[in-house]
Amino acid sequence: MAIRGSGSLVISLSAFVISAAFLLKGAAEIVTVEGQNLETDNVSVIEGEMATISCRMKDNDDSVIQLLNPNRQTIYFRDVRPLKDSRFQLVNFSDNELRVSLSNVSLSDEGRYVCQLYTDPPQEAYADITVLVPPGSPIIETREDEVSEGNETELTCIALGSKPAASIRWMKGNDELTGETTIEETYDRMFTVTSRVRFSVTKEDDGVPVDCIIDHPAAKDLLAQRNLEVLYKPEVKIVVTYPEGLTREGDNLDLTCIAEGKPHPHRINWLRVDEDVPPHAVVTGSDLYIENLNKSFNGTYRCVASNVVGEAYDDYILYVYDSRAGDGAPQKIDHAVIGGVVAVVMFAILCALIVLGRYFARHKGTYFTHEAKGADDAADADTAIINAEGGHNNTDEKKEYYI
């Protein structure tokens with residue numbers, strides 16, 4: 001054990017001596033030159049997780065390599081760790097690489113780490129460790145729990161304690177909103193981000209979710225949600241429960257007033273525009289009932305509903321018909337049947353015309369009377385008359401033949 005301790009002490013002293021000699025050569029000689037044999041990478045790590053620093057040599061020339069912290073204290077000299085911080089562990093040491101891990105990273109570990117290679121001139125490569133701190137769960141607040149339709153509401157979202165500063169987006173349903181953002185840096189290099197959004201609401205916005213979405217490289221799916229509570233005046237509709245058709249003298253009338261609002265209407269009234277409601281009309285809640293109608297009841301009946309936001313109404317115009325109105329109305333004519341009958345008649349007429357046409361065509365010809373016999377051989381008209389059999393003298397025996 002003593003021998004091992006002495007060996008470690010000797011190595012530590014050797015590292016110290018070499019480092020001191022390296023520093024004494026002057027900072028002016030510690031430069032990063034083009035084509036140098038040493039390289040490394042910057043590292044971003046979330047607070048509490050592990051970072052890995054890799055010092056790499058392109059070509060091995062047996063030069064001594066070491067890793068320094070931002071205070072230029074030696075973390076590893078070749079494969080030996082002089083620094084008494086067990087969070088640093090050797091991952092790999094070879095001819096071409098010195099790789100060291102740092103577990104449970106905190107903000108105090110942030111800074112520039114130095115890979116040093118003892119060459120002539122000496123070479124350095126720098127690895128900047130950036131520590132990311134995710135924000136806490138966002139907080140969303142509203143100026144008021146409930147807002148009336150047509151008014152403006154304001155929501156505020158706060159993202160606490162992040163590094164770097166978070167960004168905040170707003171969504172109302174599927175629509176993106178634009179907010180006003182302020183960023184405040186705290187004493188411990190952390191950031192608090194506040195965003196406010198204002199917009200007017202309608203009754204359609206009632207129950208619509210508003211999301212405050214946090215974007216940060218160290219966090220995913222961070223959001224806060226608030227459903228809008230919108231108050232709106234009633235929507236009113238009058239429904240005729242009875243009768244289904246015409247309102248005749250002697251019938252009864254039953255009307256129902258349907259009113260919906262937020263909050264629910266606390267008062268529903270029936271009235272007759274410009275006149276009094278018939279004395280025997282009965283109002284039960286949202287229903288109006290009038291029996292034994294007559295024409296003196298004609299007029300406009302109105303249902304008025306109200307809540308804390310406002311009031312609204314719907315009208316029903318009553319017209320009382322004679323008691324027999326609609327009884328002698330002609331029956332409905334089946335136009336399809338009539339059309340079918342007309343088509344059949346027209347078809348029959350067309351067929352008859354075709355048959356008659358064919359009949360006359362077959363019996364078409366020329367006919368001669370008995371007086372005309374021998375006329376074909378006569379030289380003139382007088383001869384034709386003389387040659388005609390019987391002439392005009394024997395009219396009793398004249399016959400006609402039709403061909």
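Residues numbered from 1 in each chain as written. Predicted model: local features only at pLDDT ≥ 70, side-chain atom pairs only at ≥ 80, totals over all residues. Heavy atoms only, no water.

A separate point is a negative patch on the surface. Taken together, Asp-59, Asp-61, Asp-62 and Asp-95 make up a surface patch of like negative charges. Considering the arrangement of structural elements, one finds Asp-62 in the loop between strand E3 (51-57) and strand E4 (65-68). A residue is classified by how much of its surface remains accessible, and Asp-62, at 67% relative accessible area, is exposed. (Patch = residues over 30% accessible without salt bridge, like charges linked within 9 Å, V, L, I, M, F, W, Y side chains within 5 Å. Areas by Shrake-Rupley, 256 points an atom, 1.4 Å probe, with all protein chains shown as cover. Salt bridge = Lys/Arg side-chain N within 4 Å of Asp/Glu carboxyl O. Lys, Arg positive; Asp, Glu negative; His and termini not counted. Charge placed at Lys NZ, Arg CZ, Asp CG, Glu CD. Helix = DSSP H or I, 4+ residues; strand = E, 2+ residues; numbered from the N terminus. Buried < 20%, exposed > 50% of the residue type's maximum accessible area, 1.4 Å probe, protein only.)

On to the nonpolar core. Counting residues in each nonpolar core, the largest one holds 27 residues, and the members touching the most others are Leu-38, Leu-67, Phe-88, Tyr-113 and Ile-129. Contributions of two or more residues to this core are made by strand E2 (43-46), E3, E4, strand E5 (74-77), strand E7 (97-102), strand E8 (111-117) and strand E9 (123-132). Ignoring anything within four residues of it in the chain, the contact list for Phe-88 reads Ile-75, Tyr-76, Arg-81, Leu-83, Val-100, Ser-101, Leu-102 and Tyr-113. Among the nonpolar cores identified, the runner-up in size contains 21 residues, and Val-147, Phe-199, Val-210 and Cys-212 belong to it. (Core = buried A, V, L, I, M, F, W, Y, C linked by side-chain atoms within 4.5 Å. Contact = heavy atoms within 4.5 Å.)

Turning next to the pairing of strand E18 (residues 219-227). Summarising the sheet, strand E17 (residues 209-216) and E18 pair through seven bridges and their orientation is antiparallel. Looking across to E18, one finds that Val-210 is bridged to Arg-226. Hairpin connection from E17 to E18: two residues lie between these consecutive antiparallel strands. (Pairing = 2+ DSSP bridges.)

Moving on, we get to the environment of Leu-253. Topologically, Leu-253 is positioned in strand E20 (residues 253-262). For Leu-253 and Asn-292, which are 39 residues apart along the polypeptide, the C-alpha to C-alpha distance reads 8.2 Å. For Leu-253, the residues in contact, after removing those within four places along its chain, are Val-240, Tyr-242, Pro-243, Thr-247, Leu-288, Tyr-289, Ile-290, Leu-293, Tyr-316 and Leu-318.

What follows concerns a nonpolar patch on the surface. On the surface, a cluster of nonpolar side chains totalling about 730 Å² of accessible area is made up of Val-337, Ile-338, Val-341, Val-342, Val-345, Met-346, Ile-349 and Leu-353. In this fold, Met-346 is placed in helix H2 (residues 335-362). Assessed through its relative accessible area of 51%, Met-346 is described here as exposed.

Once that is clear, we can look at the pairing of strand E16 (residues 191-200). Where burial is concerned, most of E16 is hidden: seven out of the ten residues are buried. Bridge count between strand E12 (residues 152-162) and E16: nine bridges; the pairing is antiparallel. Looking across to E16, one finds that Glu-152 is bridged to Ser-200. For strand E15 (residues 180-185) and E16, the ladder comprises six bridges, and the chain directions are antiparallel. Bridged to Thr-181 within E16 is Ser-195. Taken together, E15 and the strand that follows it, E16, pair antiparallel across an intervening segment of five residues, in which Arg-189 is found at a positive phi of about 65°.

On to the packing of aromatic side chains. Two descriptors summarise a pair of aromatic rings, namely the distance from one centre to the other and the angle between the planes of the rings. Across all of its chains, the model carries one aromatic pair by this definition. Ring centres 4.8 Å apart and planes at 75° place the aromatic pair Tyr-319 and Tyr-321 in the edge-to-face group. Overall, Tyr-319 belongs to the partly exposed group, its relative accessible area being 47%. Judged by relative accessible area, which is 33%, Tyr-321 ranks as partly exposed. Taking NZ or CZ as reference, Arg-112 lies 5.0 Å from the ring centre of Tyr-126, over its face. Stacked on the ring of Tyr-313, the Lys or Arg Arg-302 has its end atom at 4.0 Å from the ring centre. (Phe/Tyr/Trp six-rings, centres within 6.5 Å; stacked < 30°, edge-to-face > 60°. Lys NZ or Arg CZ within 6 Å of the ring centre and 35° of its normal.)

Pairing within the open sheet is antiparallel, and its four strands lie in the order E14-E13-E17-E18. Either end of the sheet is taken by a strand with one partner, and the two such strands are strand E14 (175-177) and E18. In this sheet, neighbouring strand axes are inclined to one another by 30° on average, regardless of whether the strands run parallel or antiparallel. Here six bridges tie strand E13 (residues 167-172) to E17, and the two strands are oriented antiparallel to one another. The residue of E17 that forms the bridge with Met-171 is Asp-211. (Axes fitted to C-alpha atoms, helices over the stretch in contact; angles between N-to-C directions.)

To continue, consider the confidence of the model for the protein. Confidence in the prediction of the protein, expressed as mean pLDDT, is 84, and 78% of residues score 70 or more. Counting interchain partners and residues more than four positions distant, the pLDDT-below-50 stretch residues 1-33 has 22 contacts. Segment residues 390-398 is flagged for pLDDT under 50; beyond a separation of four residues in sequence, or across chains, it makes three contacts in the model. (pLDDT = per-residue confidence, 0-100.)

Disulfide: a covalent bond connecting the sulfur atoms of a pair of cysteines. A complete count under the given rule lists three disulfides for this structure. Residue pairing for Cys-55: its cysteine sulfur links by disulfide to Cys-115, the two sulfurs lying 1.8 Å apart. Its S-S torsion of about -70° marks the bond between Cys-55 and Cys-115 as left-handed, since a negative value means left-handed. Placement of Cys-55 in strand E3 and of Cys-115 in strand E8 is noted, with a sequence separation of 60 residues between them. Each member of the pair, Cys-55 as well as Cys-115, carries the same accessibility label: buried. Each disulfide pairs two cysteine sulfurs, and for Cys-157 the partner residue is Cys-212, the sulfurs being separated by 1.8 Å. One quick way to see it: the torsion about the S-S bond of Cys-157 and Cys-212 is about -75°, and its sign makes the bridge left-handed. Of this pair, Cys-157 sits in strand E12 while Cys-212 is found in strand E17, placing the two residues 55 residues apart along the sequence. Taking relative accessible area as the criterion, Cys-157 reaches 0% and is therefore assigned buried. (Disulfide = S-S within 2.5 Å.)

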